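Reading the structure
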Amino acid sequence: MRIADRVALVTGASSGIGRAVALRLAGAGARLVLHGRDQQRLADLAERTGGVAVTGDLARPEEASRLAEEATRLCGGVDILVNNAGVGWAGAFAGMAPADIERLVAVNLVAPMRLTRALLPAMCARRDGYVMFVTSIAGRTGVAGEAVYAATKAGLDTFAESLRLETRGSGVGVGVFVPGVVETEFFQHRGRPYERRSPRPLPVDRVADLLVRTVAAGGAERYSPGWLRLPVAVRGAAPGLYRWLAGRFG
Ligand SMILES: NC(=O)c1ccc[n+]([C@@H]2O[C@H](COP(=O)([O-])OP(=O)(O)OC[C@H]3O[C@@H](n4cnc5c(N)ncnc54)[C@H](OP(=O)(O)O)[C@@H]3O)[C@@H](O)[C@H]2O)c1
């Protein structure tokens, strides 16, 4: 996928992985549409990258289609869509407020589906485009204390896999990027710090580099770090062993 002179829409561009990805895409010559809720951060990034900022809350059902319309109006269309915005929640599921369940499903799962639904037809008509979904290792393995977050990411993963099959031969690529733990404000935003000793959080710049290389290659799937394939493979091949290990080591 050529990046130079292409229009790339990045959700969650105001912070962390999305911000670092936006800077790299701009460095590779993309024209950017930057989305998030934090107006000041987006304005600063837009100035730095020459992109345009669109602010809004993806928890609102109409925001994804509004964003797609705005991006198309401002830039004439979107060639690369990076569905990156996401929100976490950690704690015992039995104590989770129903409104938080709905917020996580809306932002992490429904919004990327709606945004993709709005932008995919034009990509297919041009027989050109690429849609990236930022999922999580939590969605591939399940994580105690993050049941809803993990479920939204698993849903996104399966949606992307199905969409890839459906768009085969259409000229549009679909990829998933599966991070482990990354040094961003994600844990601060979710309201509970990352407390495990391993795996160690990866520097956001390294993760963003890999994500943009995956876009450029039109890749279908990339783990960051790569060794995360291992627990997923063990879970697939020997689920009993996986559950025993997960129960023991977390
Ligand atoms: N960090 C990790 O360890 C890790 C691991 C696996 C997967 N991920 C995934 O990576 C993606 C990026 O996370 P990050 O680590 O960069 O976290 P982050 O620094 O907290 O950034 C999250 C981004 O999502 C946006 N966002 C959150 N809620 C939103 C809403 N309701 N409407 C619009 N935008 C919203 C935020 O924008 P505003 O602040 O402007 O609202 C922000 O730009 C997420 O999908 C996350 O699930 C992260």
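Look up a bit, the structure's there.
Keep in mind it's a predicted model, so treat the numbers as computed, not measured.

Here is what the cut-offs are and how they apply
- Think of each chain on its own: its residues are numbered from 1, step by step along the sequence as written.
- This being a predicted model, a pLDDT of at least 70 is required before a residue's local features are given, and a value of 80 or more before pairs of side-chain atoms are given or counted; all residues contribute to the totals for chains, interfaces and linings.
- Side-chain measures here rest on the full set of heavy atoms in the structure, leaving out hydrogens and waters.
- Fitted lines through C-alpha atoms serve as axes, helices being fitted only where they are in contact, and the angles separating the N-to-C directions of these axes extend from 0 to 180 degrees.
- The numbering of helices and of strands both runs from the N terminus, where a helix is a DSSP run of H or I of at least 4 residues and a strand a run of E of at least 2.
- Angular relationships are summarised with four words: roughly parallel below 35 degrees, roughly antiparallel beyond 145, roughly perpendicular across 65 to 115, and oblique for the angles in between.
- Definitions for this section: a left-handed crossing has its near helix turned counterclockwise from the far helix by less than a right angle. A right-handed crossing has that turn clockwise.
- Contacts are residue-level and defined by heavy atoms, with any inter-residue pair within 4.5 Å sufficient.
- Residues were grouped as follows: Ala, Val, Leu, Ile, Met, Phe, Trp, Tyr, Cys and Pro as nonpolar; Asp, Glu, Lys and Arg as charged; and all remaining residues, including Gly, as polar.
- Pairing of N or O atoms within 3.5 Å defines a polar contact, subject to two protein rules: one partner must be a possible hydrogen donor and the other a possible acceptor, and residues neighboring in sequence count only if both atoms are side-chain atoms.
- What counts as a ring pair is set by centres within 6.5 Å for rings of Phe, Tyr and Trp (its six-membered ring), and what kind of pair is set by the plane angle: stacked under 30 degrees, edge-to-face over 60, tilted for all other angles.
- Any residue under 20% of the maximum accessible area for its type is buried, any over 50% is exposed, and the rest in between are partly exposed; the area is computed with a 1.4 Å probe on protein chains only.
- Residues enter a nonpolar core if they are buried and are Ala, Val, Leu, Ile, Met, Phe, Trp, Tyr or Cys, with the set joined through side-chain atoms within 4.5 Å.
- Any Lys or Arg side-chain nitrogen found within 4 Å of a carboxyl oxygen on Asp or Glu counts as a salt bridge.

**Details of the packing of helix 1 (residues 16–27) against helix 8 (residues 204–216)**
- At their nearest, the axes of helix 1 and helix 8 sit 9 Å apart, and the two run at 55° to each other. What the angle tells us is that helix 1 and helix 8 run oblique. Between helix 1 and helix 8 lies a crossing of right-handed hand. For the pair formed by helix 1 and helix 8, the contact residues are Gly16, Ile17, Ala20, Val21, Arg24 and Leu25 on the first element and Val204, Asp205, Val207, Ala208, Asp209, Leu211 and Val212 on the second.
- By residue class, the composition of the contact of helix 1 with helix 8 is nine nonpolar, one polar and three charged.

**As for the side chain of Asp79**
- Here Asp79 lies in the loop between helix 3 (63–75) and strand 4 (80–83).
- One polar contact links the side chain of Asp79 to the main-chain amide nitrogen of Val7, over a distance of 2.9 Å.
- In this structure Asp79 touches Met1, Arg6, Val7, Met123, Arg126, Gly129 and Tyr130, once residues within four positions along its chain are discounted.

**Description of the packing of aromatic side chains**
- Under the counting rule described, the total for this entry stands at four aromatic pairs.
- Judged by centre distance (5.7 Å) and plane angle (85°), the rings of Phe133 and Phe159 are edge-to-face. Here Phe159 lies in helix 6 (residues 147–166) and Phe133 lies in strand 5 (residues 129–134), a separation of 26 residues in the sequence.
- For the pair Phe187 and Tyr194, a centre-to-centre distance of 5.3 Å together with 45° between the ring planes defines the contact as tilted.
- According to the relative accessible area criterion, Phe187 is buried, its value standing at 14%.
- In textbook terms, an aromatic cluster arises when at least three aromatic residues are bridged by ring pairs, as seen for Tyr149, Phe186, Phe187 and Tyr194.

**Some details on the nonpolar core**
- Of all hydrophobic cores here, the largest spans 30 residues; its most connected members are Leu25, Leu32, Leu34 and Leu211.
- Taken together, the elements giving at least two residues each to this core come down to strand 1 (7–11), helix 1, strand 2 (31–36), helix 2 (39–49), strand 4, strand 5 and helix 8.
- Top element by residues in this core is helix 8. It accounts for seven residues.
- Those residues in contact with Leu34, other than ones at most four positions away along the chain, are Val10, Ala13, Ala22, Leu42, Leu45, Ala46, Thr49, Val52, Ala53 and Val54.

**Points about the pattern of salt bridges**
- Using the criterion set out here, one finds 15 salt bridges in the structure.
- Residue Glu63 pairs with Arg66 through a salt bridge whose shortest N-O separation is 2.9 Å. Taken together, the residues Glu63 and Arg66, both in helix 3 and three residues apart, mark about one turn of the helix.
- Judged by its relative accessible area of 5%, Glu63 falls in the buried class.
- Linking Arg126 and Asp79 is a salt bridge whose minimum nitrogen-to-oxygen distance equals 3.3 Å. Of the two residues, Arg126 sits in helix 4 (residues 98–126) while Asp79 sits in the loop between helix 3 and strand 4, which places them 47 residues apart along the sequence.

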